[in-house]
Amino acid sequence: MSTLPAAAAPEPEPHTARRLANAIRALSMDAVEAARSGHPGMPLGTADLATVLFTQFLKFDPADPTWPDRDRFVLSAGHGSMLLYSLLHLTGYQAFPLDALKRFRQLGSPAAGHPEYDPAKGIETTTGPLGQGISTAVGMALAERMMNARFGDALVDHHTYVLASDGDLMEGISHEAASLAGHLGLGRLVVLYDDNRISIDGPTDLALSDDAAGRFAAYGWDVERVDGHDMAAVAAAIARARTSARPSLICCRTVIGFGAPTKAGSAASHGAPLGADEIAAARAALDWPHPPFEVPADIRAEWLLPGRAGAAARARWQARLDTAPADQAQAFADALDRRVPDAAAEAIRHYKRETTAELPKLATRQASGEVIERLMAAVPALVGGSADLTGSNVAKPKAAEIIAADHYGGRFVHYGVREHAMAAMLNGLWLHGGFRPFGATFLVFVDYFRPALRLAALMEIGVVQVLTHDSIGLGEDGPTHQPVEHLSSLRAMPGVQVFRPCDAVETAECWQAALAAADRPSVLALSRQGIQTVRDRHTDDNLSARGAYVLADADSAQVTLIATGTEVAIALDAAALLAERGIAARVVSMPCWSLFNAQDEDYRRRVIDPATLLVAIEAGVRHGWDRYIGVDGLFVGLDGFGASAPAAELYEHFGITAKAVATAVEVRFK
């Protein structure tokens, strides 16, 4: 592996390099001061690191920010966002003119309080919640190796760099992700650790005494310690890291608020403007006599050189792509496009035809496994994984090879008991490009990775979470494993599609709808227990894609029974009981609230007829259902935690049965 980056610009002279770094410092403290809000300390403390990385190593082209073989830079310490915005402005990204910096943290400015994902503007991922950036970067680094295994060095040959803080390394998710990165031998991952030993509360030794370097070495990383303000030492460490077959952590001892005479090295510079007097003194200390937001022409010119070197590297890459075999070039374009091939729709249709003909009794997790098997064959970009529950989740296709340090050509990742890292790495796999990733665990364990799912929704990316054991129907494992409030809480998260299919046919349709949504994450909540297939007539149409539909109609209906998942079968049985008692009830299956909410009002009123008694049936809490059934509607479900017993006994114990539904409805009609 070369020690020199393909996009190397001439190394700045030491005096010039210091002035380049001071341009970052000046812009950062000026923008924070203008906004009267922000975090100046980290940009001032890490400007030297960033200068070395961007001028000597990072491969990027501001004129083509989404160039596939660019290096990825993740500012995991997203609170120091002005560091990134200053760099993007100085290196020539058109999305960051000087006016954007002057409007830092203002409505509509691309210079948001924390970096918000937009690769066209040079921002590779949304960061801010500490630990997420470094963990997402592990997914990016894995994606690079997987794409390289498929397309070779000529098309995929880049690094992922991270600037991480003390807080990033305190968060538990970073421990999970770093451990897996070491296990997978992700040598293209280089983390610059801003070891300034300051947090919001004060010195980190208030709460921290572990040895981060020793911990990462134990994870299988290469580790170095350097003076973060010694640019030559930083450059030498990065050059060595680029030759390693293992991920690298470079512990850079820095001074937060470097250059601020009275606030440097203290929490006072962390999360508030420095103030006019301190900024004036810092300008004098840094020998930066220029007015706010002014950068001398020679420094601006010097900062544009790395991007020009990157443009030349991009042109060489484009030439390689242009001369690649036609089938390889097309496969590469298809991978980046992430379009779901037509073969996937045909695979879904074929599975639905088989299932409606055979009417099997299957847990929806088993049905999902059968669908995944077919989709893997039809969608080359689809890659999966599970957090140590592969068999229980039925997540691994038989033909999918395992991804390992010596085999990046597989399509399935064993994440171990690391749900949070898994979710962040799925984000990274998506953000890098080339893949449609899904992960799998139990629904109740969504609480371990909710922050990463929330970021997926915020970034509008189409990762899929296969979450099985979706209710008290999982049985004897008891209330610690039985999700009760989880469906409701996930549905409350903006931008997340939550699917709970009722049988094998709906499971296939929900998978199809999830893959069709490239602009939002999807959750498939799937059952442990078997359920009879209730969709007994084939249709090519994806009924689940409308969120809800009438599964069983009734003439002159007096009642509408609305159910999800395994409770749809209970609703059908309840409708039959009610018919025997002279009450006409129709049954609505509602696998996805958000898709139903997106339908026009006429369709919604035809499906959920407000002129009928509305009854919701779900083995979860009522929260959210009143939108559909009103405060006067009936709800048959849970109002507390579950219990440990066989599934059938639990449904009887909690009154989630056809008989209980029919009785409750009948009472309303007396």
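Reading the values: rules and limits
- Residues numbered from 1 in each chain as written.
- Predicted model: local features only at pLDDT ≥ 70, side-chain atom pairs only at ≥ 80, totals over all residues.
- Heavy atoms only, no water.
- Helix = DSSP H or I, 4+ residues; strand = E, 2+ residues; numbered from the N terminus.
- Rg over C-alpha atoms; globule rule 2.2 N^0.38 Å.
- Buried < 20%, exposed > 50% of the residue type's maximum accessible area, 1.4 Å probe, protein only.
- Contact = heavy atoms within 4.5 Å.
- Areas by Shrake-Rupley, 256 points an atom, 1.4 Å probe, with all protein chains shown as cover.
- Lys, Arg positive; Asp, Glu negative; His and termini not counted.
- Charge placed at Lys NZ, Arg CZ, Asp CG, Glu CD.
- Arc of directions from axis to C-beta.
- Phe/Tyr/Trp six-rings, centres within 6.5 Å; stacked < 30°, edge-to-face > 60°.
- Lys NZ or Arg CZ within 6 Å of the ring centre and 35° of its normal.
- Salt bridge = Lys/Arg side-chain N within 4 Å of Asp/Glu carboxyl O.
- pLDDT = per-residue confidence, 0-100.
- Pairing = 2+ DSSP bridges.
- Axes fitted to C-alpha atoms, helices over the stretch in contact; angles between N-to-C directions.
- Left-handed = near helix turned anticlockwise from the far one by under 90°.
- Nonpolar A, V, L, I, M, F, W, Y, C, P; charged D, E, K, R; others polar.
- Core = buried A, V, L, I, M, F, W, Y, C linked by side-chain atoms within 4.5 Å.
- Parallel < 35°, antiparallel > 145°, perpendicular 65-115°, else oblique.
- 1 Å grid on protein atoms, 1.4 Å probe; cavity = no way out; pocket = protein on both sides within 12 Å on 5 of 7 lines; lining within 4 Å.
- Points joined across faces, edges and corners; volume = space filled by probe spheres on them.
- Polar contact = N/O pair within 3.5 Å; in protein donor to acceptor, adjacent residues only side chain to side chain.
- Expected span 1.5 Å × (residues − 1).

### Some thoughts on the overall build of the protein
And then number 1: Counting secondary structure elements, the protein contains 25 helices and 20 strands.
And then number 2: Its C-alpha atoms give the protein a radius of gyration of 28 Å, near enough to 26 Å, the size a compact globule of 670 residues would have.
And then number 3: Oriented by its inertia axes, the alpha-carbon framework of the protein measures out at about 90 × 55 × 45 Å.
And then number 4: For the protein, with 670 residues in total, the buried portion stands at 60%.
And then number 5: For the protein, restricting intrachain contacts to residue pairs at least 6 apart in sequence, the fraction spanning at least 24 positions comes to 78%.
And then number 6: Here the protein has roughly 24400 Å² of accessible surface; of this, 51% comes from carbon and sulfur atoms.
And then number 7: The protein carries 60 positive and 79 negative side-chain charges, and their two centres are separated by 2 Å.

### Comments concerning helix α25 (residues 658–668)
And then number 1: Those residues of α25 that fall on the buried side of the exposure criterion are Ala 658, Val 661, Ala 662 and Val 665. Viewed end-on, α25 has its buried residues packed into an arc of 95°, placing them on one side of the element. Turned more than 90 degrees away from the buried face of α25 sit Lys 659 and Val 667, all of them exposed.
And then number 2: Check the buried side of α25 and you find it contacts β17 (559–563), α20 (567–580), β19 (613–617) and β20 (634–636).

### Considering the packing of aromatic side chains
And then number 1: Evaluation of the coordinates by the stated rule reveals 17 aromatic pairs.
And then number 2: Judged by centre distance (5.3 Å) and plane angle (80°), the ring pair of Phe 54 and Phe 73 falls under edge-to-face. Here Phe 54 is found in helix α2 (residues 41–56), whereas its partner Phe 73 is found in strand β1 (residues 72–75), with 19 residues between them in sequence.
And then number 3: An aromatic cluster is present here, built from Trp 593, Phe 596, Tyr 603, Trp 625 and Tyr 628 joined pairwise through their rings.
And then number 4: Above the plane of the ring of Trp 593 lies Arg 491, whose end atom (NZ or CZ) is 4.0 Å from the centre.
And then number 5: Over the aromatic face of Tyr 603 sits the side chain of Arg 546, whose NZ or CZ is 3.7 Å from the ring centroid.

### With respect to the environment of Arg 316
And then number 1: Summarising the element assignment, Arg 316 is placed in helix α11 (residues 297–322).
And then number 2: Counting along the chain gives 162 residues from Arg 316 to Ala 154, while the straight-line C-alpha distance between them is 9.8 Å.

### A short note on the pattern of salt bridges
And then number 1: Counted under the stated rule, the structure contains 31 salt bridges.
And then number 2: As a salt-bridge pair, Glu 124 and Arg 70 come within 2.8 Å of each other at their nearest N and O atoms. Residue Glu 124 is found in the loop between α4 (98–102) and α5 (132–151), and its partner Arg 70 is found in the loop between α2 and β1; the two are separated by 54 residues along the sequence.

### As for the confidence of the model for the protein
Interpretation of this model should avoid reading the predicted coordinates in detail wherever pLDDT is low.
And then number 1: Looking at the protein as a whole, the pLDDT averages 97, with 99% of positions reaching at least 70.
And then number 2: Predicted confidence for residues 1–5 stays below pLDDT 50, and this span has 14 contacts to residues more than four positions away or in other chains.

### Re the sheet that holds β1
Either a parallel or an antiparallel arrangement is found when strands of a sheet pair, and the pairing is made through backbone hydrogen bonds.
And then number 1: Strand order in the open sheet made by the 5 strands is β1-β2-β3-β7-β6, with parallel pairing throughout. Looking at which strands have only one partner, the edges of the open sheet turn out to be β1 and β6 (222–227). Recorded for the sheet is a direction-independent mean angle of 20° between the axes of neighbouring strands.
And then number 2: Against the sheet, α5 touches β1, β2 (160–165) and β3 (189–195), its axis set at about 165° to β2.

### A few points about the sheet that holds strand β18 (residues 585–589)
And then number 1: Taken in spatial order, the 5 strands of this open sheet run β16-β18-β17-β19-β20, and their pairing is mixed. Edge positions in the sheet fall to β16 (549–552) and β20, since each has one partner strand and no second. Going from strand to strand, the sheet's axes swing by 30° on average, the running direction of each strand aside.
And then number 2: Those strands touched by α20 are β16, β17, β18 and β19, and its axis lies near 160° from that of β17.

### A short note on the packing of helix α13 (residues 342–358) against helix α14 (residues 364–378)
And then number 1: At a minimum axis separation of 9 Å, α13 and α14 run at an interaxial angle of 145°. When you trace α13 past α14, the crossing you get is right-handed. Residue-level contacts link Ala 343, Ala 344, Ala 347, Ile 348, Tyr 351 and Glu 354 of α13 to Ala 367, Glu 370, Val 371, Arg 374, Leu 375 and Ala 378 of α14.
And then number 2: The class makeup of the residues in the contact of α13 with α14 is 9 nonpolar, no polar and 3 charged.

### Overview of the nonpolar core
And then number 1: With 58 residues, the main nonpolar core has Leu 53, Phe 73, Tyr 85, Ile 238, Ile 250 and Trp 303 as its most contacted residues.
And then number 2: Not counting residues up to four positions away in its chain, the partners in contact with Leu 53 are Leu 58, Phe 73, Tyr 161, Leu 192 and Ile 238.
And then number 3: By size, the runner-up hydrophobic cluster in this structure holds 56 residues, among which are Met 140, Ala 313, Tyr 408 and Trp 430.

### Regarding the packing of helix α1 (residues 14–35) against helix α3 (residues 81–90)
And then number 1: Close contact between α1 and α3 brings their axes to 9 Å; oriented N to C, the two are set at 120°. Considering the angle they form, α1 stands oblique to α3. For the pair α1 and α3, the crossing hand works out as right-handed. Where α1 approaches α3, its residues Ala 23, Ile 24, Leu 27, Ser 28, Ala 31 and Val 32 are matched on the opposing element by Met 82, Leu 83, Ser 86, Leu 87, His 89 and Leu 90.
And then number 2: Of the residues belonging to the contact of α1 with α3, the class tally is 9 nonpolar, 3 polar and no charged.

### Description of unusual backbone geometry
And then number 1: A positive phi angle is found at Asp 388, which is not glycine, with a value near 65°.
And then number 2: Relative to the helices and strands, Asp 388 resides in the loop between β9 (382–386) and α15 (390–393).
And then number 3: On the accessibility criterion, Asp 388 (52% relative accessible area) is exposed.

### What about empty space enclosed by the protein?
Over the atoms, a rolling probe the size of a water molecule traces out where space has been left empty.
And then number 1: What the rule picks out here adds up to 3 cavities of 30 Å³ or more.
And then number 2: The volume enclosed by the largest cavity comes to roughly 120 Å³.
And then number 3: Looking at the largest cavity, it is lined by 14 residues, and the ones nearest its centre are Phe 60, Asp 71, Tyr 93, Gly 122 and Glu 124.
And then number 4: Looking at the lining of the largest cavity, its residues break down into 8 nonpolar, 1 polar and 5 charged.

### Comments concerning the side chain of Arg 418
And then number 1: Structurally, the position occupied by Arg 418 is in the loop between β10 (412–414) and α16 (419–432).
And then number 2: At 3.4 Å, the side chain of Arg 418 forms a polar contact with the backbone oxygen of Glu 176.
And then number 3: Among residues more than four places away in sequence, those in contact with Arg 418 are Glu 176, Ser 179, Leu 180 and Ala 387.

### Some remarks on helix α12 (residues 326–337)
And then number 1: Between its first and last C-alpha atoms α12 spans 16 Å; for 12 residues at 1.5 Å apiece the expected length is 16 Å, and the two agree.
And then number 2: Downstream of α12 by one or two residues, Arg 338 has phi in the positive range, about 60°.

### Some words on the environment of Arg 25
And then number 1: With respect to the secondary-structure elements, Arg 25 resides in helix α1.
And then number 2: Separated by 459 residues in the primary sequence, Arg 25 and Val 484 have C-alpha atoms spaced 50 Å apart.
And then number 3: Those residues in contact with Arg 25 that sit more than four places away from it in its chain are Arg 18, Pro 43, Leu 44, Ala 47, Asp 48, His 229, Phe 258 and Leu 286.
And then number 4: A polar side-chain atom of Arg 25 sits 2.9 Å from a polar atom in the side chain of Asn 22.

### A short note on the environment of Val 32
And then number 1: Mapped onto the elements, Val 32 comes out in helix α1.
And then number 2: Sequence spacing of Val 32 and Gly 271 is 239 residues, and the spatial spacing of their C-alpha atoms is 9.6 Å.
And then number 3: Residues contacting Val 32, with those up to four places away along its chain left out, are Ser 37, Gly 38, His 39, Pro 40, Met 82, Phe 104, Ala 272 and Pro 273.

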